[in-house]
Amino acid sequence: MGRIRKRHSPAFKAKVALQATKQEATIAELAREHQVHPVQISQWKKQLLDGVEDLFASGSSKRTPDPEALQGELYEQIGRLQMELAWVKKKAGL
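Described below are features of the structure shown in this document. Since the model is a prediction, treat every value here as computed from it, not as a measurement. Sequence order as written defines the numbering, with residues in each chain counted from 1. Owing to the predicted nature of the model, reporting of local features is limited to residues with pLDDT of at least 70; listing and counting of side-chain atom pairs is limited to 80 or more, with chain, interface and lining totals taken over all residues. Note: side-chain values were computed over all heavy atoms of the structure, leaving out hydrogens and water.

Details of a nonpolar patch on the surface
Candidates for patches are residues over 30% relative accessible area with no salt bridge; among them, like charges are joined within 9 Å and nonpolar side chains (Val, Leu, Ile, Met, Phe, Trp, Tyr) within 5 Å. Each accessible area is a Shrake-Rupley estimate made with a 1.4 Å probe; only the visible protein chains count as cover when residues are assessed. Only one rule defines a salt bridge in this text: a Lys or Arg side-chain nitrogen within 4 Å of an Asp or Glu carboxyl oxygen. A cluster of nonpolar side chains, Leu 49, Val 52, Leu 55 and Phe 56, forms an exposed patch at the surface whose accessible area comes to about 460 Å². The secondary structure listing takes helices from DSSP runs of H or I that are at least 4 residues long and strands from runs of E that are at least 2 residues long, numbered from the N terminus. Positionally, Leu 49 belongs in helix 3 (residues 38-55).

Set out below in structure tokens:
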């Protein structure tokens, strides 16, 4: 039978990745300590380092969608709903 995969919480992954970036212990030692494959720790470390710059990105620009794009999407939705309403009225004989 195959082994059941362990699912690690994001907090656990972050803790192990931070320990790996501090380089107080080797990845092999961390792998043995936390019972995780060394390659997995390296992947978590890479994800951590790749995602760090997103923390310092301008938060307001990420949260607010582009108003012009949002307006375009809403106009498209209005057009589709108007076409659907006209179709329903035609089929109902109104």
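That covers the picture; the talk isn't over yet.
A word on the nonpolar core
In this description, a nonpolar core means a group of buried Ala, Val, Leu, Ile, Met, Phe, Trp, Tyr and Cys residues linked to one another through side-chain atoms lying within 4.5 Å. Burial classes: relative accessible area under 20% of the type maximum marks a residue as buried, over 50% as exposed, and values in between as partly exposed (1.4 Å probe, protein chains only). Counting residues in hydrophobic clusters, the biggest one holds 8 residues: Val 16, Ala 17, Ala 20, Leu 30, Ala 31, Val 36, Ile 41 and Trp 44. Elements that contribute at least two residues to this core include exactly helix 1 (10-22), helix 2 (27-34) and helix 3. For this core, the element with the highest residue contribution is helix 1, accounting for 3 residues. The contact criterion used throughout is that any non-hydrogen atoms of two residues lie within 4.5 Å. With residues up to four places along the chain from it excluded, the contact list for Ile 41 reads Val 16, Ala 20, Ile 27, Leu 30, Ala 31 and Val 36.

As for helix 3
Given the number of residues in a helix, its expected span is that number minus one, multiplied by 1.5 Å. With 18 residues, helix 3 extends 26 Å between its outermost C-alpha atoms, agreeing within 8% with the 26 Å of an ideal straight helix rising 1.5 Å per residue. Buried residues in helix 3 make contact with helix 1 and helix 2.

Observations concerning the pattern of salt bridges
Within the structure shown, the criterion is met by 2 salt bridges. A salt bridge links Lys 46 to Asp 50, with the shortest nitrogen-to-oxygen separation between them at 2.9 Å. In this pair, Lys 46 and Asp 50 both sit in helix 3, 4 residues apart, roughly one turn of the helix. Note on Lys 46: relative accessible area 53%, which makes it exposed. The closest approach of N and O atoms between Arg 80 and Glu 76, which form a salt bridge, is 4.0 Å. Taken together, the residues span about one helical turn, with Arg 80 and Glu 76 both in helix 5 (residues 67-92) at a distance of 4 residues. Side by side, Arg 80 and Glu 76 carry an identical accessibility label, which is exposed.

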